[in-house]
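Structural description and commentary
What follows is each chain in one-letter form.
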Amino acid sequence: KGAGSDASLRIVAANVDSVELRYYCMDVELLFSTKPFTSAGAGNSGSSSGGFAFVRPNKSVTVDVRAAGGASMREEVVAVDTSVGSNLLIEAVAGGKRVAVTFFAASLDVEMMESAGRVRVTRSSDGRPIARAYVKVFGSCTDGGSDSDAFFFKDCYTSATGVADYASVSTDALDRVRKFAVLVATPEHGAVVRTARKPAS
């Protein structure tokens, strides 16, 4: 939870003495382009880290999670080490199991206006609109969104008011879409991935 230097991880562990946290720096746009709908949900999914098992982490730390007083479970809150990078995959390894979450150090707010097919991007600090934020959009033919049938839909930039139309194209591609995955990225304020339903006709 949290963002930037205030971000933290909550570890709940049982029957292990320690948990190894492995930090991997990510190219957010590359990750999104490869698995757009997985990227949108990975921050809360607790999913396996997949191919990262064969990549050397940028940093590893060990967290002591030994339960005290005969208890079988312990909860530990640790700060995210943002010195490693601003966009991270963080893998927790213990007892032969792996769980991973993504961390995007974003200082922007993204409002999905699904009925209009638009996104509004503002600065978290003061609510001012962010112009020229890059918006990359993938579509899926399934209601829940799937990487297996995802296709590039469009890319664009936010206007001076911080708004971009992510659903309008001059082709019939919108007819194939049931759900969108939308990446919003800026050099100064980080990146966020969101999903959205297709606008009503």
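Residues numbered from 1 in each chain as written. Predicted model: local features only at pLDDT ≥ 70, side-chain atom pairs only at ≥ 80, totals over all residues. Heavy atoms only, no water.

Once that is clear, we can look at the sheet that holds strand S2 (residues 18–25). Across a sheet, paired strands are connected by hydrogen bonds in the backbone, their directions being either parallel or antiparallel. The strand order across the open sheet formed by four strands is S3-S2-S5-S6, and the pairing between neighbours is antiparallel. The open sheet terminates on both sides in strands that have one partner only, identified here as strand S3 (59–64) and strand S6 (97–104). Geometrically, the sheet is characterised by an average inter-axis angle of 20° between neighbouring strands, direction not taken into account. Here strand S5 (residues 87–94) pairs with S6 via eight bridges, running antiparallel. In the strand pairing of S6, Leu 89 is matched with Thr 102. (Pairing = 2+ DSSP bridges. Helix = DSSP H or I, 4+ residues; strand = E, 2+ residues; numbered from the N terminus. Axes fitted to C-alpha atoms, helices over the stretch in contact; angles between N-to-C directions.)

Before going further, it helps to examine the packing of aromatic side chains. Counted by the stated rule, this structure contains five aromatic pairs. Note on Phe 32 and Phe 138: the rings are 5.5 Å apart at their centroids and 85° apart in plane angle, and the pair reads as edge-to-face. Here the residue Phe 32 occupies a position in helix H1 (residues 28–34), and Phe 138 occupies one in strand S9 (residues 134–140), the gap between them amounting to 106 residues. The buried category is assigned to Phe 32, whose relative accessible area is 0%. (Phe/Tyr/Trp six-rings, centres within 6.5 Å; stacked < 30°, edge-to-face > 60°. Buried < 20%, exposed > 50% of the residue type's maximum accessible area, 1.4 Å probe, protein only.)

Let us now look at the environment of Ser 115. Within the fold, Ser 115 resides in the loop between strand S7 (108–113) and strand S8 (118–123). Under the relative-accessibility criterion, Ser 115 is labelled exposed at 67%. Considered as a pair, Ser 115 and Ala 200 are 85 residues apart in the sequence and their alpha carbons are 6.1 Å apart.

Formed by 23 residues in total, the largest nonpolar core has its most connected members in Val 119, Val 135, Tyr 166, Phe 180, Val 182 and Val 184. Counting only elements with at least two residues in this core, the list comes to S7, S8, S9, strand S10 (151–157), strand S12 (179–186) and strand S13 (190–197). Ile 11, Leu 21, Tyr 23 and Phe 103 belong to the second largest nonpolar core, which has 16 residues in total. (Core = buried A, V, L, I, M, F, W, Y, C linked by side-chain atoms within 4.5 Å.)

For the rest of this paragraph, the subject is the environment of Thr 122. Relative to the helices and strands, Thr 122 resides in strand S8. In this structure Thr 122 comes out as buried when scored by relative accessible area, which is 16%. Each C-alpha atom, one on Thr 122 and one on Glu 111, is 8.5 Å from the other, the two residues being 11 residues apart in sequence. Ignoring any residue separated from it by four or fewer positions in sequence, one finds Thr 122 in contact with Leu 108, Asp 109, Gly 127, Arg 128, Pro 129 and Ile 130. (Contact = heavy atoms within 4.5 Å.)

For the rest of this paragraph, the subject is the pairing of S13. Here S12 pairs with S13 via eight bridges, running antiparallel. Considered in S13, the bridge of Thr 186 is made with Gly 190. In sequence, S12 turns back onto S13 through a hairpin of three residues.

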